[in-house]
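# Residue-level structural notes
Each chain, written out:
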Amino acid sequence: MKTQARARYLRHSPYKMRRVADLVRGKSVEEAQALLTHLNRGAAPTVRKVLNSAVANAENNLELDYDQLKVTAVYVDEGPTLRSFRARARGRVTRIRKRTSHLTIVVADSYDEESS
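The rules we used
Residues numbered from 1 in each chain as written. Predicted model: local features only at pLDDT ≥ 70, side-chain atom pairs only at ≥ 80, totals over all residues. Heavy atoms only, no water. Pairing = 2+ DSSP bridges. Helix = DSSP H or I, 4+ residues; strand = E, 2+ residues; numbered from the N terminus. Axes fitted to C-alpha atoms, helices over the stretch in contact; angles between N-to-C directions. Contact = heavy atoms within 4.5 Å. Buried < 20%, exposed > 50% of the residue type's maximum accessible area, 1.4 Å probe, protein only. Arc of directions from axis to C-beta. Parallel < 35°, antiparallel > 145°, perpendicular 65-115°, else oblique. Left-handed = near helix turned anticlockwise from the far one by under 90°.

### A word on the sheet that holds strand β5 (residues 101–109)
Read across the sheet, 3 strands follow the order β1-β5-β2 without closing on themselves; strand pairing throughout is antiparallel. The open sheet has two edge strands with one neighbour each: β1 (2–10) and β2 (69–78). Averaged over all adjacent pairs, the angle separating strand axes in this sheet is 15 degrees, with direction ignored. Note that β1 and β5 share 7 bridges and pair antiparallel. By the bridge assignment for β5, A7 is matched with L103. Strands β1, β2 and β5 of the sheet are contacted by helix α1 (residues 14–24), whose axis makes an angle of about 165 degrees with β2. The strands touched by helix α3 (residues 44–61) are β1, β2 and β5; relative to β1, the strand with the most contacts, the crossing angle is about 145 degrees.

Written out as structure tokens, the structure is:
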């Protein structure tokens, strides 16, 4: 059985979020949470929060066992970019792009992984 959690319009660059997502993908939930707790990256608390939400969905909605859960998929998609301008020398401007991202974490029972 699979369940997921999504967070949209996060104010982290998709490139930086993917670096954290790559570390978590394929690990057990317990190992992923320990890794995210001690990881020194700005996106790590956000990924941990969405992971905890996915685990809560699995436990409460599908009544899956916490010890058997595994992170099967982590998707980081690009969201809309907020654009503004900064004044530069000689009356010119430079565009500032503040990127956003959408994060999806899928957790599944490890028995489901073996049978697939």
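### Details of α1
Residues of α1 that are buried: P14, M17, V20, A21 and V24. Buried residues in α1, looked at end-on, bunch into an arc of 125 degrees, giving them a common side. Turned more than 90 degrees from where α1 packs its buried face, Y15 and K16 sit exposed. Buried residues along α1 sit in contact with β1, α2 (29–38), α3, β2 and β5.

### Description of the packing of α2 against α3
Helix packing geometry: the angle between the two helix axes and the distance between the axes. At a closest axis distance of 9 Å, the pairing of α2 and α3 adopts a crossing angle of 155 degrees. Here α3 runs roughly antiparallel to α2, going by the angle between their axes. Judged by the sense of rotation from one axis to the other, the crossing of α2 with α3 is left-handed. Every residue of α3 that contacts α2 at V29, A32, Q33, L36 and T37 is listed here: A44, V47, R48, L51, N52 and V55.

All quantities given are derived from atomic positions and should not be read as evidence of function.
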